[in-house]
Amino acid sequence: MLEVKVLFLFFYLLHCARSDFPQMQEIEMKNFIDDDGHGCTAAYGDVNSDKQTDLYALKEPGILTLYTGSQTAGTPFLTKYQSLHVGDSATSVVPADFNGDEKNDLLVVYKDGDLYSVKVFWGNDQDKLEPNATSYSEKLVDEPLVLDANGDMISDLFVAYENQSRAFLLGQKNKVEWKSISSPFPDENSLPPVFSPHSHAFIDLTDDGSADLFVTSKDDNRKMPSYEVWKGTRNGMIRTDVIQVQSKDVGHATFADFTANAKQDIVVSTCISLDGRCTDSKIIIYTSGKWHTLFELPKNWSFSDTSELKLIDNTLHIADVNLDSHPDLMTIVADENGKRKAVVFYNIGCEADYCSVLGRQFGSPVILPNSDDVVYASFYDFEMDGSMDVIITTKKDGKLKMKGYKNQIADDVTFLRVQVLTGLSANPVYSVNIPGPQITYETTTLSGEKQLGRLGQLSQSAHMSLQLPFVIFGLGQQANFVDTLTVSIPVPLITDSSYGVTVEEVKDIAQLSANPFKPLNQTWSMLIPNSQLYVIPNPRNSPSSWSNKLLLTPGQNVVTTGLVLVGTMGVLVVMTMVLHWLERREDKQEKIQEAHRFHFDAM
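Residues numbered from 1 in each chain as written. Predicted model: local features only at pLDDT ≥ 70, side-chain atom pairs only at ≥ 80, totals over all residues. Heavy atoms only, no water.

## Let's talk about the overall build of the protein
Helix and strand counts for the protein come out as five helices and 36 strands. With 603 residues in all, the protein has 56% of them scored as buried. For the protein, the proportion of contacts with a sequence separation of at least 24, taken over those separated by at least 6, is 55%. As displayed, the protein offers around 26,500 Å² of accessible surface, 53% of which is attributable to carbon and sulfur atoms. (Helix = DSSP H or I, 4+ residues; strand = E, 2+ residues; numbered from the N terminus. Buried < 20%, exposed > 50% of the residue type's maximum accessible area, 1.4 Å probe, protein only. Contact = heavy atoms within 4.5 Å. Areas by Shrake-Rupley, 256 points an atom, 1.4 Å probe, with all protein chains shown as cover.)

## Things to note about the nonpolar core
Nonpolar side chains in soluble globular proteins generally cluster together in the buried interior. In this structure, L58, V86 and V93 are the most contacted members of the largest nonpolar core, which totals 60 residues. No other element matches strand β26 (residues 374-380), which puts six residues into this core. When near neighbours in sequence (up to four residues on either side) are disregarded, V86 contacts L58, G62, L64, V108, Y110 and F121. Formed by 22 residues, the second largest nonpolar core is a distinct cluster that contains V420, L424, I434 and V471. (Core = buried A, V, L, I, M, F, W, Y, C linked by side-chain atoms within 4.5 Å.)

## Details of the environment of L115
Topologically, L115 is positioned in strand β8 (residues 115-123). In this structure, L115 is in contact with Y110, K139, L140, V141 and E162, ignoring residues within four places of it in sequence.

## Details of the pattern of salt bridges
Under the definition given, this model contains 15 salt bridges. Close ionic contact of K30 with E28 constitutes a salt bridge, the shortest N to O distance being 3.8 Å. In this structure K30 comes out as exposed when scored by relative accessible area, which is 61%. With relative accessibility at 49%, the residue E28 sits in the partly exposed group. Its salt-bridge partner being D208, residue K231 comes within 2.7 Å of it at the nearest N-O pair. Residue K231 is located in strand β16 (residues 224-233), and its partner D208 is located in the loop between β14 (201-203) and β15 (212-219); the two are separated by 23 residues in the primary sequence. For D208, a relative accessible area of 26% gives the class partly exposed. One connected set of salt bridges, linked through shared partners, spans E383, D385, D389 and K406. (Salt bridge = Lys/Arg side-chain N within 4 Å of Asp/Glu carboxyl O.)

## Looking at a negative patch on the surface
Judged by side-chain charge, E583, E586, D587 and E590 come together as a negatively charged surface patch. In this structure, E590 sits in helix α5 (residues 556-596). (Patch = residues over 30% accessible without salt bridge, like charges linked within 9 Å, V, L, I, M, F, W, Y side chains within 5 Å. Lys, Arg positive; Asp, Glu negative; His and termini not counted. Charge placed at Lys NZ, Arg CZ, Asp CG, Glu CD.)

## Some points on the sheet that holds strand β20 (residues 277-287)
Taken in spatial order, the four strands line up as β18-β19-β20-β21 in an open sheet, and their pairing is antiparallel. With partners counted over all chains shown, the strands left at the sheet margins are β18 (254-256) and β21 (290-296), one partner each. On average, each strand axis in the sheet is tilted by 40 degrees relative to the strand beside it, whichever way the strands run. Note that β18 and strand β19 (residues 265-274) share three bridges and pair antiparallel. (Pairing = 2+ DSSP bridges. Axes fitted to C-alpha atoms, helices over the stretch in contact; angles between N-to-C directions.)

## Quick notes on the environment of Q467
Relative to the helices and strands, Q467 is located in the loop between β31 (450-456) and β32 (471-476). Judged by relative accessible area, which is 21%, Q467 ranks as partly exposed. Each C-alpha atom, one on Q467 and one on Q457, is 8.5 Å from the other, the two residues being 10 residues apart in sequence. With residues up to four places along the chain from it excluded, the contact list for Q467 reads Y44, L458, S459 and Q460. Here the side chain of Q467 touches S459 through a polar contact of 2.9 Å, landing on its backbone nitrogen. (Polar contact = N/O pair within 3.5 Å; in protein donor to acceptor, adjacent residues only side chain to side chain.)

## As for the pairing of strand β12 (residues 166-171)
Of all six residues in β12, six are buried; the element is thus mostly enclosed. With burial as the criterion, each face of β12 is covered, one bearing R166, F168 and L170 and the other bearing A167, L169 and G171. Looking at chain direction, strand β11 (residues 156-160) and β12 are connected through four bridges and run antiparallel. Within β12, the residue paired with F158 across the bridge is F168. Two strands pair when backbone bridges link them, and β12 and strand β13 (residues 178-182) are joined in this way by five bridges, in the antiparallel orientation. Each bridged residue has a counterpart across the sheet, and for L169 the counterpart in β13 is S180. Linking β12 back to β13 in an antiparallel pair, the connection comprises six residues, with N174 at a positive phi of about 60 degrees.

## Quick word on unusual backbone geometry
With an omega of 0 degrees, the peptide bond between S196 and P197 qualifies as cis. Following the sequence through the fold, P197 ends up in the loop between β13 and β14. Cis geometry marks the peptide bond from N538 to P539, where omega comes out at -5 degrees. The backbone phi angle of E102 is positive, close to 60 degrees, even though this residue is not glycine.

Right, dumping it as C-alpha cells:
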C-alpha cells in the first residue's frame, strides 16, 4: 500500500511540474505549412468562415498569401488559399469588415518615407479578396488603429494626419469609401502630437464595460510618451486620464488582467539607454493608478538597443500559455551574444521584493528552440484545442521565414474560448467579428475561491500586433461549470450630428434616445469548460435577444474519462457474464447430483 501511495505522489508531482511550465516543440515544416514557409506573419483571421484560424503572410516582393487553417489528417496545419499582389512597401495588414457586407476585407498599410498610406482590398462572395483596391489619398503620420468609432458594427479607423490633426474614418454600409470625421476631440489644437510608433488601442480602461480609446501621445517637455484615455459621452468625447511613463525608452504597450480582478492593466517593456544599448531591462505594469515592476531581465539578457526597443520587434504578447488562469507573456530578448530569441515568461507567485504589492511576477522563462534571429513572435492555436501555440518569423541573410511551435501542455487543464461576431444580421458569420468587445468570466474554483478574468477582443491592430480573432481564458484544473460569462460591446465614441454622422449611418443607435452611451452587455451562466462560444449581438440594442453558439472541444482528460468509463462498464459486463455462467454451472451440477441421489421415499 505504501508503494502505491509513493508511486501516486511521484506521478502527481511529475504532472504538476509538467502542467505549470509546458514546453514549446518545433513543428516540422511539412506538418506546419504547405510551402517553404518564406515570408512573415502579418495577421490572423477566418477567411472562409470554417471556424479555423487562417494566416495572412507578407511574401517578398510585395505578395500577400492567405493560408487557411486545417485539421485534416495527413495535411499541414496551414494550406495556401490565395495570393495577392499588394505592393513592395506594405508594412502591415488588418482583416475587417469596412463596408458592412459581412465579408472580410483587408486593410493594407504602406510606408512612404516617414509617412503612411492605406488601401483596402474588398472581400467578395467567394470568400476571397478582389485584386483591385481602393486607396485613401491622405498621408498619415503613423499606422491607423482599427476600431468601431460610432458603434454601428462596421469597422472604422482612427488616424493622425501629417499635420498631427486627429480624425476618424468611418466605414459606410455598402460603400467602398470612408466618411472623414475631422477634429472629433475637444480643444484639439492644445493636444500633443501622437507618439510614433504608437500603441493605440480600443479597450475598456474605465471599467464601465465599454471600450475606450487609448492614445499614445508625445510629451515634448519630458521627451517621453504619455497615454491618453478617451470615452464617448452625450457631450462629446472626454479625456478621462493621462498616464505618464517614467522613462523615455519604452516599448509597445499591451494589456492584461494581470491581477485577476476583471480590470485591464497596462504592460510595457522599458530600459535605460547606455551607449546605444539597453541596460536594466524591465517589464512594468500600470495598475490601480501606479506603476510597478513585473520582471527584471537577468544581466545577461536585454531588450534591443534604444532605437529598436521602440519598434514592433519588442511587442509584448499576452496569453495564458499554461491555462492556469494567470496571463503569461511572450516577447523577444537578446542574450549575452546579441542573439535575438523568442522567450515565454510564465506568471508565477512573487519571489522578489519589487513584486510584493502585486503578489505575482513574470519569471521562469522558457526559450523557444531554434528561435535565433527572430523578428516577430505571436500566439496561435493549431488544433483549436485552447492551447496557445506559437508562430515566429526569423530573419537570416535578409530572408524571412516562419516557424511553428506546438504547446506541450498538460491534458487536464481547461479553457473557455469566446469570439464575438458581427451583429449586422442574426445569422452567424464566423469569418467576421468586431473590434472592442469586452469579455469577462467569473467562476468558483475547486477550493471554493472566486476566479475572475477579463479580455478585450481585437483591441490593437497596428504595427504587427498579430492578435487572434478570439479570446481564450485559462480556467486551470476546473471541473466545474463557468458560473457566468458577460459580453459587452462598444458604445459610440461619436454620434453627434455636428460631425456629419446621419441617423442611417449610426443605424439603430439613434433610437436609444434615453442614453446612447449606456453600456450594452449580456450574461450567460453555467457554461461548460473546454468549449468555444460564438456570440451574435443582434439586435444590437437588445442584449437579452443576443444569441450564442456553443461548440464543445473535448480535452484529452474527457477522452480518457470516457475510455475509463467504457472499460469499467466492459469489465462489469464480463464479470457479470462470468458470474452468471458460474451460477448456471453450479445449478447444473446440483441437478445432476439430485438426479443421482437415492430416493428413500420410493422404498
